[in-house]
Amino acid sequence: LQRSQQLKRPAWLALAPHRLNSGLPVNIGVLFVPQQEAWVVERMGKFHRILDPGLNFLIPLLDRIRYVQSLKEIVINVPEQSAVTLDNVTLQIDGVLYLRVMDPYKASYGVEDPEYAVTQLAQTTMRSELGKLSLDRVFRERESLNASIVDAINQASDCWGIRCLRYEIKDIHVPPRVKESMQMQVEAERRKRATVLESEGTRESAINVAEGQKQAQILASEAEKAEQINKAAGREANAMLVKARAKAEAIQLLAAALAQQHGSAAASLSVAEQYVSAFSKLAKDSNTLLLPANAGDVTNMVAQ
């Protein structure tokens, strides 16, 4: 209806409200372009140039500001959409797109509505990517899912002069029945973990008790062994001392006896008896004998 009304009006009356409705600045010859904006100028219907921020001069009537592109980062809400996962679960998911116009010329002439085109591309890419994942992986791999969507959008929007900086999933709505089953699964997993932890605690407790008993037995046996060694060493030392004292007393008694009258004769008699006793035992254990040269001279041997 508005288009038909504009066609009925004169040309100069029809263009004025169109400019006001679209928000495009009117060419008055001297223009001030704000920072982080790019104004696309057409001269006689053909692209002429892109105005830089600051003071610019245009020719009225010939030059026309056709598009105004913002070079700031643009935030677009992606509407909620339905998607089916690999295990046939229907999800309701929405997100946020962060875009920036990199080439004002391509953004103006490469696509009719850049924001709408990118939004539709994000929705279709999201559905295709969710179809490759199961429900459990959707929640675990949100970062990789966001990265895949950004890559797919950048590949398609390169010819539009737009670059997708990032994509974030806001909410994922699961059907009520699936949500209940997920809650039951979570509770079962928690009970399983509690049972496992309890059994592990019981096992570790039993192991610690057994290790304690083992160490106690080892220490007790080592203590008993050390005690026996100490006792044996004490008994042996005492026996050696008693034997040494007895030998010393015997030597003293023997010396006292030798010092008496006829002591040497008695000692000679004792040595002779021992000599005869030892000589009588020769050749009992072996056939090989080593005898002194004067074995028959008992008197000489006793004297020696």
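Since the model is a prediction, treat every value here as computed from it, not as a measurement. (Residues numbered from 1 in each chain as written. Predicted model: local features only at pLDDT ≥ 70, side-chain atom pairs only at ≥ 80, totals over all residues. Heavy atoms only, no water.)

Next up on the list: the sheet that holds strand S5 (residues 63-70). Hydrogen bonds between backbone atoms are what pair the strands of a sheet, whose relative direction is either parallel or antiparallel. Read from one edge to the other, the open sheet built from three strands follows the order S3-S2-S5, with strand pairing classed as antiparallel. The strands lining the two open edges of the sheet, one partner per strand, are strand S3 (46-51) and S5. Within this sheet the neighbouring strands show an average axis-to-axis angle of 25°, counted without direction. Bridge analysis of strand S2 (residues 37-43) against S3 gives five bridges, and the strand direction is antiparallel. Counterpart to Glu42 in the pairing with S3 is Phe47. (Pairing = 2+ DSSP bridges. Helix = DSSP H or I, 4+ residues; strand = E, 2+ residues; numbered from the N terminus. Axes fitted to C-alpha atoms, helices over the stretch in contact; angles between N-to-C directions.)

A pair can form between side chains of opposite charge whenever their charged atoms are brought close. Under the criterion given, the structure shown has six salt bridges. Residue Arg166 is joined to Glu73 by a salt bridge in which the shortest nitrogen-to-oxygen separation is 3.2 Å. Placement of the pair is Arg166 in strand S8 (residues 162-173) and Glu73 in strand S6 (residues 73-84), with a sequence separation of 93 residues. Arg166 gets classed as partly exposed once you look at its relative accessible area, which sits at 37%. Overall, Glu73 belongs to the partly exposed group, its relative accessible area being 31%. Of the charged contacts, one joins Glu141 and Arg137 as a salt bridge, the two residues approaching to 3.1 Å between their closest N and O atoms. One network of salt bridges, in which partners are shared, links Glu73, Arg100 and Arg166. (Salt bridge = Lys/Arg side-chain N within 4 Å of Asp/Glu carboxyl O. Buried < 20%, exposed > 50% of the residue type's maximum accessible area, 1.4 Å probe, protein only.)

What follows deals with the confidence of the model for the chain. In this model, the chain carries an average pLDDT of 79, and 81% of its residues clear a pLDDT of 70 or more. Contacts from residues 1-22, a stretch scored under 50 in pLDDT, to residues over four places away or in other chains number eight contacts. (pLDDT = per-residue confidence, 0-100. Contact = heavy atoms within 4.5 Å.)

Moving on to the nonpolar core. If you look at the biggest cluster of nonpolar residues, it comprises 32 residues, and the most contacted ones within it are Leu97, Met126, Ile153 and Tyr167. Broken down by secondary-structure element, the contributors of at least two residues to this core are S6, strand S7 (90-101), helix H4 (114-130), helix H5 (135-140), helix H6 (142-157) and S8. Looking at this core, the element that brings in the most residues is H4, giving six residues. Apart from the residues lying within four places of it in its own chain, the contact partners of Leu97 are Ile74, Val75, Ile76, Val78, Val118, Thr119, Ala122, Ile153, Cys164, Arg166 and Tyr167. Ranked by size, the runner-up nonpolar core spans seven residues in total, among them Val33, Val41, Leu51 and Leu58. (Core = buried A, V, L, I, M, F, W, Y, C linked by side-chain atoms within 4.5 Å.)

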